[in-house]
Amino acid sequence: MLKMEKFAILLVDDKEEFVSALSNRLLLHGMEVHTATKGEDALAMLQEKATDVVVLDVVMPGMGGLETLRRIKETYPHIQVILLTGHASTKEGIEGMRLGAFDYLMKPVDIEELIAKMKASIKAIAKE
Amino acid sequence: MKASTEDLITARHLAFVGRVTASLSHEIKNTLAIIGESSGLMGDLLDYTAPPAEWAPYPRLKTLLTTIAEQVERSVVILKRLNRFAHSMDEQLVALDLNDLLMEITNLAQRFARLREVGLETRLCSESLKMRSDPFRIQQAVFHFIEVSLKFSPKNTTITVASRRDKGAAQVIITDEAPPRAGWLKKLISTPQLTLAETEEQSDPDLAVLGLIVAKLGWSIEAEDLHPQGNRVIVTFPLENG
């Protein structure tokens with residue numbers, strides 16, 4: 001039921017239990033998933049692992065999601081970034097899109113919606 | 001209007017409560033996200049590893065996981081309301097749409113109405129009512145009026161919160177089917193200091209404080225009896241482009 005074309009995902013969120021559950025779900029959906037719990041670790045991982053889409057939490061201790069996004073886009077403009085925000089406000093999401101994010105989703109995420117967004121982001125980069 | 005020291009202290013108190021509440025709601029939302037993803041993963045694992053036709057607990061487990069997902073979704077909706085309410089305390093003068101605020105505060109009041117077995121409906125005008133004002137005070141005012149209506153409304157009647165544009169102003173109209181009390185309302189609002197000091201059964205400190213707020217922020221309030229039974233309170237806010 002869940003198989004689809006294989007994307008390489010980097011999931012970045014400081015909540016380990018969230019990362020663990022969501023990454024396992026994405027694995028079951030046939031994706032290649034890497035994880036990081038800090039912005040700095042995410043940047044290091046991008047140097048080592050080929051990545052199509054970064055799914056990035058906005059609110060993290062240390063290097064926040066928006067700063068991590070800015071640095072990702074500086075070095076890897078072709079990698080798509082989808083932001084996750086826990087706030088009812090859309091302010092961070094809009095700011096993220098201004099910085100180059102493909103889109104943003106509110107937590108808790110709907111897995112089908114997240115996958116649809118990832119597919120759309122891959123399609124968008126392929127068109128460029 | 002120049003804010004007094006007392007006003008500034010109150011504003012900072014509210015901003016503090018709002019900031020802490022918003023932060024807590026954010027933390028709870030993260031916890032819900034973990035619950036949601038964990039139950040989602042359990043569902044995925046069930047689908048992958050358990051042959052549904054051959055494993056008796058499968059349908060019950062699927063039903064339980066659906067219940068968890070629905071409750072997570074419901075909690076997220078409630079938390080969004082809490083978060084928005086908390087942020088209404090951030091600043092005292094912001095650009096806002098009155099209809100959005102009315103929808104939010106009516107949602108927050110729904111539980112109180114349900115407990116009293118009274119219906120609570122909105123009839124908001126279709127145009128946006130943009131203004132610069134104090135979102136917390138507006139919600140406080142409307143909530144108190146709903147509370148007073150609830151206090152006097154018989155079971156199975158309905159309270160309606162409506163809005164409309166009236167020349168250069170926006171109006172909120174709260175209508176109920178309770179016994180007439182317009183005279184008492186007028187007295188209470190027009191003499192807030194008096195009613196604050198009173199201890200009679202009918203005095204309502206919240207409403208008396210409301211009288212002070214209304215006078216200070218330049219809103220006006222009208223109250224009228226409806227026939228055969230009911231009350232209508234109209235709160236008028238100066239409207240400007242937000």
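Since we're looking at a predicted model, the values are computed, not measured.

Here the focus is the domain arrangement of chain B. Residues and elements named next belong to chain B. Domains assigned within chain B are domain 1 (5-87) and domain 2 (94-238). Inter-centroid distance (C-alpha atoms) of domain 1 to domain 2 is 32 Å. On the side of domain 2, 4 residues touch domain 1, which itself brings 4 residues to the contact. The leading source of residues in the side of domain 1 that touches domain 2 is helix H2 (residues 58-87), at 3 residues.

Moving on, we get to the sheet that holds strand E7 (residues 231-238) of chain B. Residue and element names in this part refer to chain B. With respect to topology, 5 strands assemble into an open sheet ordered E2-E4-E5-E7-E6, the strand pairing being mixed. A strand with exactly one partner marks an edge of an open sheet, and here the two such strands are strand E2 (119-123) and strand E6 (220-225). For this sheet, the mean angle separating the axes of adjacent strands, direction not counted, is 15°. Bridging between E2 and strand E4 (residues 158-166) involves 5 bridges; their strand directions are parallel. Paired with threonine 122 across the two strands is valine 161, which belongs to E4. Against the sheet, helix H3 (residues 98-115) engages E2, E4, strand E5 (169-176) and E7, with an angle of about 170° to E2.

If you look at the biggest cluster of nonpolar residues, it comprises 37 residues, and the most contacted ones within it are Val54(A), Val55(A), Val81(A) and Ile82(A). Of all elements in the fold, only strand E1 (8-12), helix H1 (16-28), helix H2 (39-48), strand E3 (53-57), helix H3 (65-75), strand E4 (80-85) and helix H5 (111-127) of chain A together with helix H1 (5-49) of chain B reach the threshold of two or more residues within this core. Ranked by the residues each element gives to this core, the list is headed by H1(A), at 5 residues. Ignoring any residue separated from it by four or fewer positions in sequence, one finds Val54(A) in contact with Leu10(A), Val12(A), Ala42(A), Ile72(A), Ile79(A) and Val81(A). Within the second largest apolar cluster, 28 residues are counted, among which are Leu101(B), Val148(B), Leu210(B) and Phe237(B).

Right, let's talk about the environment of Val72(B) for a bit. As for its placement among the helices and strands, Val72(B) is situated in helix H2. The class of Val72(B) is partly exposed, set by 19 C-beta atoms lying within 10 Å. In this structure the C-alpha to C-alpha distance between Val72(B) and Thr31(B), which are 41 residues apart in sequence, comes to 9.9 Å. The residues touching Val72(B), leaving out its near neighbours within four places in the chain, are Pro108(A), Leu32(B), Ile35(B) and Gly36(B).

About the cut-offs
Each chain has its residues counted from 1, following the order in which its sequence is written. Whichever chain is written first is A, and whichever ligand is written first is 1; the rest continue in order. Local features are withheld for residues below a pLDDT of 70 in this predicted model, meaning they are given only at 70 or higher, and side-chain atom pairs are given and counted only at 80 or more; totals for whole chains, interfaces and linings count all residues. Annotation comment: domain bounds sourced from an automatic or database domain assignment. Here, residues touch in the contact sense if the C-beta positions derived from the backbone fall within 7 Å of one another. By the criteria applied, helices consist of DSSP H or I runs no shorter than four residues and strands consist of E runs no shorter than two, each listed in order from the N terminus. Note on pairing: DSSP must find at least two bridges between two strands before they are called paired. Only the stretch in contact is used when fitting a helix axis, every axis being a line fitted to C-alpha atoms; angles between N-to-C directions are given from 0 to 180 degrees. The nonpolar core is taken to be a set of buried Ala, Val, Leu, Ile, Met, Phe, Trp, Tyr and Cys residues joined by way of C-beta atoms within 7 Å. Here a residue counts as buried when 20 or more other C-beta atoms fall within 10 Å of its C-beta, as exposed when 12 or fewer do, and as partly exposed in between; the C-beta atoms come from the backbone.

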